[in-house]
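# Fold and geometry: a report
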Amino acid sequence: ARFPLTRPMARRQAGELFNLTAGFVYSQILYACIDAGLFERLQDGPQSVDALATALDLPPERCRCLLRAATALGLTQRRGAKGQDAYGLGMRGAALLGNPGVGAMVRHHARLYADLRDPLALLRQDQATALSDYWPYARSADPSTLAGAAIDEYSALMAESQSFISADVLAAYSLKGHRQLLDIAGGEGAFVAAAARRWPHLRAGVFDLPAVASRAQDRFAREGLTDRLTAHGGDLFRDALPRGADIVSLVRVLHDHDDEPAMAILRAARAALDPGGVLMIAEPMAGTRGAEPVGDGYFGIYLLAMGSGRPRRAAELTEMARTAGFRRVR
């Protein structure tokens, strides 16, 4: 820090270290904004601190404290004429408002925060956690029996958060040359519905637990897609998958499972495909250059708390796919 040529680097590292140290506070500021519905209240334009304090049921000074913190994180912005105490959406707040699935992810992090109160205890012990209770299939001896409240919350979260995954996946690989898609563990069918809207010729099915598949069929009916989309209920590890697809997708599936069940899923996908068929895997991976905090950091700890799975490197997934019988992997 004392040498002029290295001073900028030292200051940048100091700033990044402070952000790492204070990150838990930043995440709770974000949580407070989402839980209070702050961004929705600002979507029609800036509001005064007093109006927001009344709407959020906060003392004005405490509301101002939250707004200043949110502004420091780019979630809100000070607006209005000079001397006017008003705030509006910041760039990041607007982005969150436009992607409700992110808000759903943040809300469910309350369980992960509880599991991370003692991170060494989490790392040392293999036991039920708040997050594993949220994802009951991760530890259930017979997931196909799960129904009702046991699947409602996580199923809704997956459907909401799928919206900002689907567009990227479908942009990365074209389904124009395929006729029949089978989405394994595809939840409420958000991904296949997006694929069907993008490629009107495509027929598709989703396979998931019976209670989840029923929700998918309801979605297809609401969206007028029942002529091309079908939901199949069953246990991925006990029941044969529907045949006839020339492409099978695993979107955020393999990383949820330990190695042995992950291999079983890959072999089941291989058996379900027509000759010459394609398997498409889309998930956060470990060792992805430029995204190490996502795969190795966030998902590494998240899946540990969930009690099942791990993020894998692309090379690991390639080897697993070849072991399952897939010939060309890219």
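Let me begin by describing the structure that accompanies this report. Computed from a predicted structure; not experimentally measured. (Residues numbered from 1 in each chain as written. Predicted model: local features only at pLDDT ≥ 70, side-chain atom pairs only at ≥ 80, totals over all residues. Heavy atoms only, no water.)

## Digging into the pattern of salt bridges
Taken as a whole and assessed by the stated rule, the structure comprises 11 salt bridges. Note that R64 is salt-bridged to D85, the shortest N-O span being 2.5 Å. Of this pair, R64 sits in helix α4 (residues 60-72) while D85 is found in the loop between β2 (76-79) and β3 (86-89), placing the two residues 21 residues apart along the sequence. A relative accessible area of 23% means that D85 is categorised as partly exposed. When the shortest N-O distance is used, the salt bridge between R312 and D259 registers 2.8 Å. (Salt bridge = Lys/Arg side-chain N within 4 Å of Asp/Glu carboxyl O. Helix = DSSP H or I, 4+ residues; strand = E, 2+ residues; numbered from the N terminus. Buried < 20%, exposed > 50% of the residue type's maximum accessible area, 1.4 Å probe, protein only.)

## Describing the packing of aromatic side chains
For any pair of aromatic rings, the description rests on two quantities: the centre-to-centre distance and the angle between the ring planes. For the structure on display, the rule yields 4 aromatic pairs. Joined through ring pairs, the aromatic side chains of Y298, F299 and Y302 make up one cluster. (Phe/Tyr/Trp six-rings, centres within 6.5 Å; stacked < 30°, edge-to-face > 60°.)

## Quick word on helix α10 (residues 190-198)
Across the 9 residues of α10, 7 count as buried, placing the element largely inside the fold. Of the residues making up α10, those classed as buried are A190, F191, V192, A193, A194, A195 and A196.

## As for helix α11 (residues 210-222)
The terminal C-alpha atoms of α11 lie 19 Å apart, and with 13 residues this matches the ideal 18 Å at 1.5 Å per residue to within 8%. All of the buried residues along α11 are V212, A213, A216, R219 and F220. The arc enclosing the buried residues of α11, seen along the axis, measures out at 110°, which places them on a common side. Phi turns positive, to about 65°, at G224, one or two residues after α11. (Expected span 1.5 Å × (residues − 1). Arc of directions from axis to C-beta.)

## Re the layout of surface pockets
The computed volume of the largest pocket comes to approximately 1,700 Å³. Secondary structure elements with two or more residues in the lining of the largest pocket: α6 (100-115), α9 (149-172), β8 (273-282), α13 (292-306) and α14 (314-323). It is β8 that provides the largest number of residues to the lining of the largest pocket, a total of 10 residues. By residue class, the composition of the lining of the largest pocket is 32 nonpolar, 7 polar and 9 charged. Of the volumes computed, that of the second largest pocket is approximately 860 Å³. (1 Å grid on protein atoms, 1.4 Å probe; cavity = no way out; pocket = protein on both sides within 12 Å on 5 of 7 lines; lining within 4 Å. Points joined across faces, edges and corners; volume = space filled by probe spheres on them. Nonpolar A, V, L, I, M, F, W, Y, C, P; charged D, E, K, R; others polar.)

## Some details on unusual backbone geometry
Phi angles above zero are rare outside glycine, and D57 is one such case at about 60°. For D57, the position within the fold is in the loop between α3 (49-56) and α4. The exposed category is assigned to D57, whose relative accessible area is 70%. Positioned with a positive phi, A185 is a non-glycine residue whose angle comes to about 55°. Mapped onto the elements of the fold, A185 is located in the loop between β4 (180-184) and α10.

## What to know about the environment of L17
When you line up the elements, L17 lands in helix α1 (residues 7-36). Distance in space between the C-alpha atoms of L17 and H178 is 48 Å, their sequence separation being 161 residues.

## Brief notes about the pairing of strand β7 (residues 245-251)
Counting buried positions along β7 gives 7 out of 7 residues, so the element sits mostly inside the fold. Here 6 bridges tie β7 to β8, and the two strands are oriented parallel to one another. The partner of I247 across the bridge, within β8, is V278. Each parallel crossover has a hand, and for β7 linked through helix α12 (residues 259-272) to β8 it is right-handed. (Pairing = 2+ DSSP bridges. Right-handed = clockwise from strand over helix to strand, strands pointing away.)

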